[in-house]
Each structure stands twice: as C-alpha cells, then as structure tokens.
Amino acid sequence: MPDAPARRAEACGAAPLLIYRGVEELDRHPLTDLLHEPNPRLSGAAFCEALVTQLLLSGNGYTELVGEGDALELHLRRPERVGVETDAVGWPLALAYRT
C-alpha cells in the first residue's frame, strides 16, 4: 500500500497537541504555541505530517530550533543531509547539517 506513510502522517498531523503538568492539562503553554505554528511557512499539522513522513521513509526526522526568547521557530531538516560529528575516539559530539 504505497500511500500508507501518507495516511499515518496525516493522522499524526490531525492529532491534538496537549501539554500536561502532572495530571493537569494546560490550556496555554509556549510549547503548544510553537507546535501549533512552528514557523511562518508551515502550520503545526503540516509540520507534524512532514516530520512523520521523514521518519517513516528515512528512519530519522530532524528539527532545528531557531531564534531567541519569544521569537522561536522550528524548522525541518532533511535527514539525508544530517551527519554525526565525532571526536578522535568516535564518540558523537554534534549533528552537522550539510547544505
């Protein structure tokens, strides 16, 4: 079924995003605001669909948090362009994005 990843991604994009503190559901939180509008180009649902599609098709999904303070944005990063930088012994130090 070739459209199975698309259906799964759409289902994830349609799921409500909820934040809890203990057992209390929070009506407002900076994280929910960011996830509902991650950046000027994508809605929260479209961002989630794209991230889940990347995860299902490549096995990885990467995002980058950009900005400071209240001016934060989330951007998708293409999995095939992300690599692991290691130290001299081979321990991971950071992720590098190749443009």
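Scroll up a little and you will see the structure.
Okay, so let's go over this structure.

Rules and cut-offs
- Per chain, residue numbering runs from 1 following the sequence as it is written.
- Since the coordinates come from a predicted model, pLDDT governs what is reported: local features require at least 70, and pairs of side-chain atoms require 80 or more to be given and counted, while whole-chain, interface and lining totals use all residues.
- Working from all heavy atoms in the structure, the side-chain values ignore hydrogens and water.
- Runs of E in the DSSP output that reach at least two residues are strands. Runs of H or I that reach at least four are helices, and both are numbered from the N terminus.
- Atoms counted for the radius of gyration: C-alpha only. Globule rule: 2.2 Å times residue count to the power 0.38.
- Partly exposed residues are those whose accessible area sits between 20% and 50% of the maximum for their type, while under 20% is buried and over 50% is exposed, using a 1.4 Å probe and protein chains only.
- For helices, the fitted line uses only the C-alpha atoms of the stretch in contact; every axis is such a line through C-alpha atoms, and the angle between N-to-C directions lies from 0 to 180 degrees.
- Angle categories are assigned with fixed cut-offs, so that under 35 degrees is roughly parallel, over 145 is roughly antiparallel, 65 to 115 is roughly perpendicular, and the rest are oblique.
- Left-handed is the label given to a crossing in which the near helix is rotated counterclockwise from the far helix by less than a right angle, and right-handed is the label when the rotation is clockwise.
- Note on contacts: a residue pair is in contact if any heavy atoms of the two residues lie within 4.5 Å.
- In this count, Pro and Cys sit with the nonpolar residues alongside Ala, Val, Leu, Ile, Met, Phe, Trp and Tyr, while Asp, Glu, Lys and Arg are called charged and the others, Gly among them, polar.
- Here is the rule: rings of Phe, Tyr and Trp (six-membered ring for Trp) pair when centre to centre is within 6.5 Å. Planes less than 30 degrees apart are stacked, more than 60 are edge-to-face, and the remainder are tilted.
- Whether a charge lies above a ring is judged from NZ of Lys or CZ of Arg, which has to be within 6 Å of the ring centre and within 35 degrees of the ring normal.
- When DSSP locates at least two bridges between a pair of strands, those strands are taken to pair.
- For a helix, the expected span equals 1.5 Å multiplied by the number of residues minus one.
- To obtain the arc, one takes the directions from the helix axis to the C-beta atoms.
- For this document, the term salt bridge refers to a Lys or Arg side-chain nitrogen within 4 Å of an Asp or Glu carboxyl oxygen.

## Thoughts on the overall build of the chain
Along the chain, the regular secondary structure elements total 3 helices and 6 strands. What you see in the chain, going N to C, is helices and strands ordered as α-β-β-α-α-β-β-β-β. Against the compact-globule benchmark of 13 Å for 99 residues, the chain has a radius of gyration of 16 Å, which places it well outside the compact range. Dimensions of the chain along its principal axes, counting C-alpha atoms only, are 45 × 40 × 30 Å. Across the 99 residues of the chain, 20% fall into the buried class.

## A word on the packing of helix α1 (residues 4-14) against helix α3 (residues 44-58)
Viewed as axis vectors pointing N to C, α1 and α3 meet at an angle of 140°, and their least axial separation amounts to 8 Å. Classified by the interaxial angle, the pair formed by α1 and α3 is oblique. As for how α1 packs across α3, the hand of that crossing is right-handed. Across from Pro5, Arg8, Ala9, Glu10, Cys12 and Gly13 in α1, the residues of α3 making contact are Ala45, Cys48, Glu49, Val52, Thr53, Leu56 and Leu57. Of the residues belonging to the contact of α1 with α3, the class tally is 8 nonpolar, 2 polar and 3 charged.

## Notes on the packing of aromatic side chains
Following the criterion strictly, the structure yields 0 aromatic pairs and no others. Sitting over the ring of Tyr97, Arg77 keeps its end group 5.2 Å from the ring centre.

## Regarding the pairing of strand β4 (residues 71-77)
Pairing analysis gives 7 bridges linking strand β3 (residues 62-68) to β4, with the strands arranged antiparallel. By the bridge assignment for β4, Tyr62 is matched with Arg77.

## Topic: the side chain of Gln54
Checked against the element boundaries, Gln54 lands in helix α3. With residues up to four places along the chain from it excluded, the contact list for Gln54 reads Gly59, Asn60, Gly61, Tyr62, Leu76, Arg77, Arg78 and Pro79.

## Digging into α3
For α3, spanning 15 residues, the distance from its first C-alpha to its last is 21 Å, which sits close to the expected 21 Å at 1.5 Å a residue. Taken together, the buried positions of α3 are occupied by Gly44, Phe47, Val52 and Gln54. Down the axis of α3, the smallest arc covering the buried residues is 155°, so these residues share one side. Along its buried surface, α3 packs onto α1, α2 (30-36), β3 and β4. Once α3 finishes, Gly59 follows within two positions and takes phi at roughly 90°, a positive value.

## Points about the pattern of salt bridges
A full pass over the atoms with the stated rule returns 3 salt bridges. Put simply, Glu80 and Arg78 hold a salt bridge, and the shortest N to O gap is 2.5 Å. Residue classification places Glu80 among the partly exposed residues on the basis of a relative accessible area of 48%.

What is shown is where atoms sit, not what they do.
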